[in-house]
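# Structural overview for review
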Amino acid sequence: MTFAAVGAGVLAGGVPEVARAMRPGEAPRKHTVPPKGPPDPSYAQGKPVQAVRRPVHTLHDLTPAAPANAVALTIDDGPHPTYTPMLLDLLAEHKVPATFSVIGLQVRQWPKLVQRIVAEGHQLSDHTVTHPLNLPRLPPARIEQEIVGGHDRIAQATGVAPKFFRSPGGAWSPQVLDTAAAHGMTCIDWEVDTRDWTRPGALTIARRLLRGKAGDILLCHDGGGNRTQTIGALRTVLPALQQRGLMFVAL
């Protein structure tokens, strides 16, 4: 199930239109994205975009609210030619939708993987062009380039403009929030951080994920290194959380 709850309607502002997912077998549409401003001219019904003052940490921060028993799995730093397909196969096996925060350089390198993510019903999030962990401390023009460049590469590869933005490392500033909002994106953070990028072992990753409760946004990775531990942990965790009565939703 895809939970279409997006952005500027969170905490302050309007609610942007949900991006249309590609149908299986459909070729990506050619898409030209304006350098500034939201891609949809009907965004916020013509009203000025109001920046969200803090990123979303849980599903309860979203408007409209997710189902009471929902959790959201988010996957960062891809696409990766080895681990993203493995993860997509696992998600399909358990009928779990997820939100993939993808890096612009890798979107350009593996566009078919990003198209597959969309075609299989998952959500996309802009994760900048180059993944700078010091994003808020960069010059204003560079911040704009990182955020808007990531947005545009996703739109050009898939025909779907991303409605979410996640800053690398969860590093935020007023300009980062404002820039994302000005391009129709909600800033998303997380509640459960597996720190799987440190490769602490599949059992440790699974134990951290199993602490998740209704409303939580869970953070894992498919890029940035060897992610076999993450995939091994999710192989156990996905059915375990479902058996607890939790429903996975894409943002």
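Below, the structure is looked at part by part. From a predicted model like this one, the values you see are computed outputs, not experimental measurements.

## Things to note about the packing of aromatic side chains
Within this structure, the stated rule accounts for one aromatic pair. Pairing Phe 165 with Trp 172 gives two aromatic rings, centres 6.0 Å apart and planes at 80 degrees, and the pair type is edge-to-face. Here Phe 165 falls in the buried class, since its relative accessible area comes to 0%.

## Some details on the pairing of strand β1 (residues 70–78)
Of all nine residues in β1, nine are buried, a share of seventy percent or more. Taken together, the two bridges between β1 and strand β8 (residues 247–248) define a ladder with parallel strand orientation. Directly across from Ala 70, in β8, lies its bridge partner Met 247. One ladder, built from five bridges, connects β1 with strand β7 (residues 217–221); its direction is parallel. Paired with Asp 76 across the two strands is His 221, which belongs to β7. Where β1 meets strand β2 (residues 99–102), four bridges bridge the pair, whose relative direction is parallel. Along β2, the bridge assignment pairs Asp 76 with Ser 101. As for the winding sense of the linkage, the β-α-β connection from β1 through helix α1 (residues 83–93) to β2 is right-handed.

## Here's the deal with the side chain of Asp 76
Its location among the elements puts Asp 76 in strand β1. Within the structure, the side chain of Asp 76 is placed 3.4 Å from the side chain of Ser 101, a separation counted as a polar contact. If we skip the residues at most four places from it in the chain, Asp 76 touches Ser 101, His 127, Arg 166, Leu 219, Cys 220, His 221, Asp 222 and Gly 223.

## Brief notes about the pattern of salt bridges
In total, this model carries seven salt bridges according to the counting rule given. In this structure, Glu 93 and Arg 235 form a salt bridge, with 3.9 Å as the shortest nitrogen-oxygen distance. Pair noted here: Glu 93 is in helix α1 and Arg 235 is in helix α7 (residues 228–243), with a separation of 142 residues, a long-range link. A residue is classified by how much of its surface remains accessible, and Glu 93, at 53% relative accessible area, is exposed. Note that Arg 116 and Glu 120 form a salt bridge whose closest N and O atoms lie 2.6 Å from each other. Exposure remark for Arg 116: the relative accessible area of 24% places this residue in the partly exposed category. The class of Glu 120 is partly exposed, set by a relative accessible area of 36%.

## Side note on the nonpolar core
Proteins that are soluble and globular tend to have nonpolar side chains buried together. Ranked by internal contacts, the top residues of the largest apolar core, which has 34 residues, are Leu 73, Leu 91, Phe 100, Leu 124, Leu 234, Leu 238 and Phe 248. Among the secondary structure elements, those contributing two or more residues to this core are β1, α1, β2, α3 (111–119), α4 (140–158), α6 (202–209), β7 and α7. Sorting elements by how many residues they give to this core places α7 first, with six residues. Of all hydrophobic cores here, the second largest spans 13 residues; its members include Ala 66, Phe 164, Ile 188 and Leu 251.

Cut-offs and rules
- Residues numbered from 1 in each chain as written.
- Predicted model: local features only at pLDDT ≥ 70, side-chain atom pairs only at ≥ 80, totals over all residues.
- Heavy atoms only, no water.
- Phe/Tyr/Trp six-rings, centres within 6.5 Å; stacked < 30°, edge-to-face > 60°.
- Buried < 20%, exposed > 50% of the residue type's maximum accessible area, 1.4 Å probe, protein only.
- Helix = DSSP H or I, 4+ residues; strand = E, 2+ residues; numbered from the N terminus.
- Pairing = 2+ DSSP bridges.
- Right-handed = clockwise from strand over helix to strand, strands pointing away.
- Polar contact = N/O pair within 3.5 Å; in protein donor to acceptor, adjacent residues only side chain to side chain.
- Contact = heavy atoms within 4.5 Å.
- Salt bridge = Lys/Arg side-chain N within 4 Å of Asp/Glu carboxyl O.
- Core = buried A, V, L, I, M, F, W, Y, C linked by side-chain atoms within 4.5 Å.

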